[in-house]
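Below are the chains, spelled out letter by letter.
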Amino acid sequence: MTLADVVLTRTSVRRYRPDPLTPLQREELGKAVRMCNERSGLHIRLVCERPEPFTLLKSYGIFKGVRNYFVFAGSSSDPHLEEKCGYYGEELVLTAAAMGLGTCWIGGTYDKSGCLRHLEPGESLVCVAALGRPEERSGRDKLVAMASKRKTRPSAELARNYSGAPSWFMSGIASVQRAPSARNRQAYQFVWKGDGTVQANITGQHEFSMVDLGIAKYHFELGAHGGQWTWGSGGAFVKAEEEKSCGAVVWREEKGQRQYLLARHNGGHWSFPKGHVEAGEKEIDTARREILEETGLETKIDTGFRQTVTYYPKPGVVKDVVFFTARPSGGQEQAQVEEIAEIGWFSFQEACSLITFASDEDVLLAADRYLSGK
Ligand SMILES: Cc1cc2nc3c(=O)[nH]c(=O)nc-3n(C[C@H](O)[C@H](O)[C@H](O)COP(=O)(O)O)c2cc1C
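Visitor: Is there a simple way to think about the overall build of the protein in this case?
Guide: For the protein, the helix and strand inventory stands at eleven helices and 16 strands. Taken over C-alpha atoms, the radius of gyration comes to 22 Å for the protein, in line with the 21 Å a tight globule of 374 residues would show. Overall, the protein is about 65 × 50 × 40 Å in size when its C-alpha atoms are taken along their principal axes. Sequence-distant contacts in the protein: of pairs separated by 6 or more residues, those separated by 24 or more amount to 71%.

Visitor: Got a minute to help me understand unusual backbone geometry in this structure?
Guide: If you check the backbone angles, Arg183 has positive phi at about 55 degrees while not being a glycine. Using a count of 14 C-beta atoms within 10 Å as the deciding quantity, one classes Arg183 as partly exposed. Located in the positive-phi region is His225, a residue other than glycine, with phi close to 65 degrees. Structurally, the position occupied by His225 is in the loop between helix H8 (209–224) and strand E8 (227–229).

Visitor: I keep staring at the nonpolar core and nothing clicks. Help me out?
Guide: Side chains that are nonpolar tend, in soluble globular proteins, to be buried together. The biggest cluster of nonpolar side chains holds 62 residues, and the ones touching the most others in it are Ile44, Phe70, Phe72, Leu92, Cys127, Val128 and Ala129. Among the domains, domain 1 (3–140) and domain 2 (152–239) are the pair contributing at least three residues each to this core. Dropping the residues within four chain positions of it, Ile44 is found in contact with Val33, Cys36, Asn37, Phe70, Val71, Phe72, Ala73, Tyr88, Gly89 and Leu92. Counting residues in each nonpolar core, the second largest holds 28 residues, with Ala248, Val249, Phe272 and Ala351 among its members.

Visitor: Could you clarify how one ought to interpret the sheet that holds E8 in this entry?
Guide: Strand pairs in the sheet, formed through backbone hydrogen bonds, run parallel or antiparallel to each other. Taken in spatial order, the five strands of this open sheet run E5-E6-E7-E9-E8, and their pairing is mixed. Pairing within the sheet leaves two strands with one partner each, and these edge strands are strand E5 (159–160) and E8. Bridge analysis of strand E7 (residues 197–202) against strand E9 (residues 235–239) gives four bridges, and the strand direction is antiparallel. Bridging from a neighbouring strand, Thr197 pairs with Val238 of E9. Helix-sheet contacts for helix H7 (residues 167–177) involve E5, strand E6 (188–192), E7 and E9, and the interaxial angle to E6 is about 175 degrees. Its contacts with the sheet place H8 against E6, E7, E8 and E9, and it is angled at close to 155 degrees to E7.

Visitor: Would you mind showing me how to read the domain arrangement of the protein here?
Guide: One can read the domain layout of the protein as domain 1 (3–140), domain 2 (152–239) and domain 3 (241–372). Once you take the C-alpha centre of each, domain 1 and domain 3 turn out to be 33 Å apart.

Visitor: What is the right way to look at the sheet that holds strand E1 (residues 45–47) in this model?
Guide: Strand order in the open sheet formed by four strands is E1-E2-E4-E3, and the pairing between neighbours is antiparallel. What marks the edges here is a single partner per strand, and that holds for E1 and strand E3 (102–106). Neighbour-to-neighbour, the strand axes of the sheet open up by a mean angle of 25 degrees, direction not taken into account. The pairing of E3 with strand E4 (residues 123–132) spans five bridges and is antiparallel. By the bridge assignment for E4, Trp105 is matched with Ala129.

Visitor: Explanation requested: the environment of Phe190 in the structure shown.
Guide: Within the secondary structure, Phe190 is located in strand E6. In sequence terms Phe190 and His80 are 110 residues apart; their C-alpha atoms lie 19 Å from each other. Once you skip the residues sitting within four places of it in the chain, Phe190 turns out to touch Leu158, Ala159, Gly172, Ile173, Val176, Val198, Ala200 and Phe220.

Visitor: Explanation requested: H7 in the structure shown.
Guide: Along an α-helix, residues three or four apart share an orientation, since each turn contains 3.6 residues. Within H7, the full set of buried residues consists of Phe169, Gly172, Ile173, Ser175 and Val176. Projection of H7 onto a plane perpendicular to its axis shows the buried side chains occupying an angular sector of 160 degrees, all on one side. On the buried face of H7, the contacting elements are helix H1 (3–9), helix H6 (155–158), E5, E6, E7 and H8.

Visitor: Just checking my understanding: could you explain the packing of H7 against H8 for this structure?
Guide: Helix packing for two helices is described by the angle between their axes and how far apart those axes are. For the pair H7 and H8, the least separation of the axes is 7 Å and the interaxial angle reads 135 degrees. Considering the angle they form, H7 stands oblique to H8. H8 is crossed by H7, and the crossing has right-handed handedness. Contact with H7, carried on its side by Trp168, Phe169, Ser171, Gly172, Ala174, Ser175 and Val176, involves Ala216, His219, Phe220, Leu222, Gly223 and Ala224 of H8 and no other residues of that element.

Visitor: Can you walk me through helix H9 (residues 283–295) in this structure?
Guide: Over its 13 residues, H9 runs 18 Å from end to end, which matches the ideal 18 Å to within 8%, given 1.5 Å per residue. Buried within H9 are the following residues: Thr286, Ala287, Arg288, Glu290, Ile291, Glu294 and Thr295. Buried residues belonging to H9 abut strand E10 (241–254), strand E11 (257–265), strand E13 (274–276), strand E14 (297–314), strand E15 (317–331) and strand E16 (340–346). Just past H9, the residue Gly296 takes up positive phi, approximately 80 degrees.

Visitor: Hey, could you run me through the pairing of E6 in this one?
Guide: Within a regular strand, side chains alternate between the sheet's two faces. Burial of E6 is extensive: four of the five residues sit out of reach of the surface. In this structure, E5 lies alongside E6, joined through two bridges in parallel fashion. Note on E6: the bridge partner recorded for Arg160 is Val191. On the question of chirality, the crossover connecting E5 to the parallel E6 by way of H7 is left-handed. In terms of strand pairing, E6 meets E7 through five bridges, oriented antiparallel. Bridged to Phe190 within E7 is Ala200.

Cut-offs and rules
- Residues numbered from 1 in each chain as written.
- Predicted model: local features only at pLDDT ≥ 70, side-chain atom pairs only at ≥ 80, totals over all residues.
- Helix = DSSP H or I, 4+ residues; strand = E, 2+ residues; numbered from the N terminus.
- Rg over C-alpha atoms; globule rule 2.2 N^0.38 Å.
- Contact = placed C-beta atoms within 7 Å.
- Buried ≥ 20, exposed ≤ 12 C-beta atoms within 10 Å, placed from the backbone.
- Core = buried A, V, L, I, M, F, W, Y, C linked by C-beta atoms within 7 Å.
- Domains from an automatic or database assignment.
- Pairing = 2+ DSSP bridges.
- Axes fitted to C-alpha atoms, helices over the stretch in contact; angles between N-to-C directions.
- Arc of directions from axis to C-beta.
- Parallel < 35°, antiparallel > 145°, perpendicular 65-115°, else oblique.
- Left-handed = near helix turned anticlockwise from the far one by under 90°.
- Expected span 1.5 Å × (residues − 1).
- Right-handed = clockwise from strand over helix to strand, strands pointing away.

Okay, structure coming up:
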């Protein structure tokens, strides 16, 4: 499930089951937090099994069972601290939701002193977001969710000057409609500028207006499928150029154990065989051709598994890589010297530790689960 898919189904969860996050969930979320901090300069923390900020006072009772949360914080001198917490925080909230966890941004209804001790000198706390296994929806949660759905602002209010705007602009707005915001205000507007850029403006000031703007900008970028924002109210969005590649998680069975084919690219990273879609080519044909070119193997592709990884290979370019699973059906193993340093077959565990990028590891996990269930 991509983060753009998660946007369509996420709603705030306020009641959680007591069970802890699994070690794998903690590891995955910890990795995601570290990556966000590296990219943003923020100091976000994942806090687990520390319910105190949500249990000290009875008036915080709207939430039940919160034991795990992100603390959104960073340098007090960062002029865009709040907006960045919104933008990168929403990436983490959606990442958690994609793992099947419930989430809820929390600005007011918790004891801040319990979170302040996670901060270093010179840092400010912006807000937190709860996460955990959702309790079955109670009547109250259902009512809150229904109320928030009712109040989602129409696209005609969130967008301005949009006649003649490209379809990616309206997809961006549709994604903004689903953005969480403090008290569900959604006090912002996105303006189509006619020169191909978009401007995002605050339309009302409140304590969390810049956090809300950061969240909304992240949603717009997901819906528009890639681009770059500048910070601040009045900040501009430039749409990224789109590229596409296809490949596969190639596997075989050796002595009753599944093995996976990995390629070490000349750049040094270990990944699956994959490459650019050529004009007029179908996804499955690209995958088959690229595997043959890079590894010398002919394969039978299984399109029953299809997972997309999206990333920015360079500024101004967004790339989708579609992965299937595949089994060898012929050919002779041979690494393509121009692009591939070596190829090899590895057990699931070996492949997990060799693969360089977390997003490729996610694909392997999903493919392994898929193949085990077949
Ligand atoms: C910055 C921020 C602060 C929030 N603070 C609270 C809060 O203190 N208590 C609460 O119950 N919900 C809080 N929310 C959740 C919103 O009420 C919720 O996102 C909104 O009603 C939309 O509903 P949805 O998330 O289910 O789409 C907050 C959301 C944001 C973005």
